[in-house]
Amino acid sequence: MTQLDYIPEGYEQIKVVDNLFSFFKTDFEPKANIVLYPRRLTGNFDRLAVEMANFFDLKEGKLFIKYSECSKIQYFQKQVKDKDIYKAVDIILSDMECLYFARVKTHMRLVVNEYKKHHDVHEFHVDGLNQDFDRFIVCYNDPVTQFVRNDDVIMVSGNNVKVKDNAPTYQFASGDMWKARVRNKQRNSADDFLGKILRDKERRAFVHRALRSNLPRILVVGDKRLN
Ligand SMILES: [Fe+2]
């Protein structure tokens, strides 16, 4: 397994893979909450995010474009003059296609000045409430998702978490593709009781946050529901 300098050393909650095939094939067991496929993309995604925000007239908030609406992205691409930006759009389209064919419900997300509206995602939290799914994410430009190690998680309750005061924070790199394990569907009360004693959530949940940014950001997000 590859060791990356931005991932805690010897950390069993993150599995790092080096190709797309392993990325889809690798599961989270026995201890992981993330499978990470590190990628270094070429292309000016900062500039792309700004141009897209202008094109779609997004000044604040989020724009979601589902895989089924990809023609909107292609329509945008047609008017792009800069080659690097054009290629960057190609990368996003092919990532969406790739996730779609892996049966992941996928959308592109453009985020502009979102921090003014949503404070919660900027605090450490866990995704999903009473749901089991795998969440796939690519952040194409900075700032990328930050996280803390599970050893530094004191408590998880619903989406809310408490982390140690001076817990070191880590951050994925732009272009990385990862999938996060979300398992918080309610089972029977005996399992829940056992889970609490064993501190299942604290040991296993992916605790993360988005950094505040004035610059538009582009992400691809996909969820694969489990029964
Ligand atoms: Fe989140």
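This section reports on the structure supplied with the text. (Residues numbered from 1 in each chain as written. Predicted model: local features only at pLDDT ≥ 70, side-chain atom pairs only at ≥ 80, totals over all residues.)

### Remarks on the pairing of strand β12 (residues 217–225)
Across seven bridges, strand β4 (residues 105–112) lies against β12 in antiparallel orientation. Within the sheet, the bridge partner assigned to T106 lies in β12 and is G222. Strand direction decides the pairing type here: strand β5 (residues 132–139) and β12, joined by seven bridges, are antiparallel. Across the sheet, residue D134 finds its bridge partner in β12, namely K224. (Pairing = 2+ DSSP bridges. Helix = DSSP H or I, 4+ residues; strand = E, 2+ residues; numbered from the N terminus.)

### Considerations on the sheet that holds strand β10 (residues 177–183)
Reading across the sheet, the seven strands line up as β1-β2-β10-β5-β12-β4-β3 and stay open at both edges, with mixed pairing between neighbours. Two strands close off the open sheet at either side, each with one partner strand: β1 (14–16) and β3 (61–66). Taking the axes of each pair of neighbouring strands and ignoring which way they run, one obtains an average angle of 25 degrees across the sheet. Lying on the sheet, helix α2 (residues 45–55) is in contact with β4 and β12; it crosses β12 at an angle near 85 degrees. (Axes fitted to C-alpha atoms, helices over the stretch in contact; angles between N-to-C directions. Contact = placed C-beta atoms within 7 Å.)

### Here we look at the packing of α2 against helix α4 (residues 83–101)
Packing of α2 against α4 leaves a shortest axis separation of 9 Å and a crossing angle of 85 degrees. Judged by the angle between their axes, α2 and α4 are roughly perpendicular. Contacts from F45, R47, L48 and E51 in α2 reach I85, A88 and V89 in α4. (Parallel < 35°, antiparallel > 145°, perpendicular 65-115°, else oblique.)

### A look at the nonpolar core
If you look at the biggest cluster of nonpolar residues, it comprises 52 residues, and the most contacted ones within it are I34, L48, I92, L110, W178, V207 and I218. No other element matches α4, which puts six residues into this core. Among residues more than four places away in sequence, those in contact with V207 are F124, V126, F147, V148, V153, V161 and V163. (Core = buried A, V, L, I, M, F, W, Y, C linked by C-beta atoms within 7 Å. Buried ≥ 20, exposed ≤ 12 C-beta atoms within 10 Å, placed from the backbone.)

### Topic: the pairing of strand β8 (residues 160–163)
Alternating residues of β8 divide into V161 and V163, all buried, and N160 and K162, none buried. Across four bridges, strand β7 (residues 153–157) lies against β8 in antiparallel orientation. When the bridges of β8 are listed, V156 appears paired with V161. The turn linking β7 back onto β8 is made up of two residues, and G158 within it adopts a positive phi angle of 65 degrees.

### Quick notes on helix α5 (residues 189–198)
Burial runs low along α5: only zero of the ten residues are buried. Positive backbone phi, approximately 55 degrees, marks R199, located one or two places after α5.

### A look at the environment of M177
Mapping M177 onto the fold places it in strand β10. For the pair M177 and L20, spaced 157 residues apart in the sequence, the C-alpha separation amounts to 9.2 Å. Discounting residues that sit within four places of it in the chain, M177 has contacts with F23, Y37, R39 and V138.

### What to know about the sheet that holds strand β6 (residues 146–147)
One open sheet holds the three strands; their spatial order is β9-β6-β11, and the pairing between them is antiparallel. The two strands at the open ends of the sheet, each matched to only one other strand, are β9 (170–171) and β11 (208–209). Where β6 lies against β11, two bridges are found, and the strand directions are antiparallel. Across the sheet, Q146 pairs through a bridge with R209, a residue of β11.

### Remarks on the environment of V112
Mapped onto the elements, V112 comes out in strand β4. Put simply, V112 and L58 are 54 residues apart on the chain and 7.0 Å apart in space, counted from C-alpha to C-alpha. If sequence neighbours within four positions are ignored, V112 has contacts with A53, L58, K59, E60, G61 and P216.

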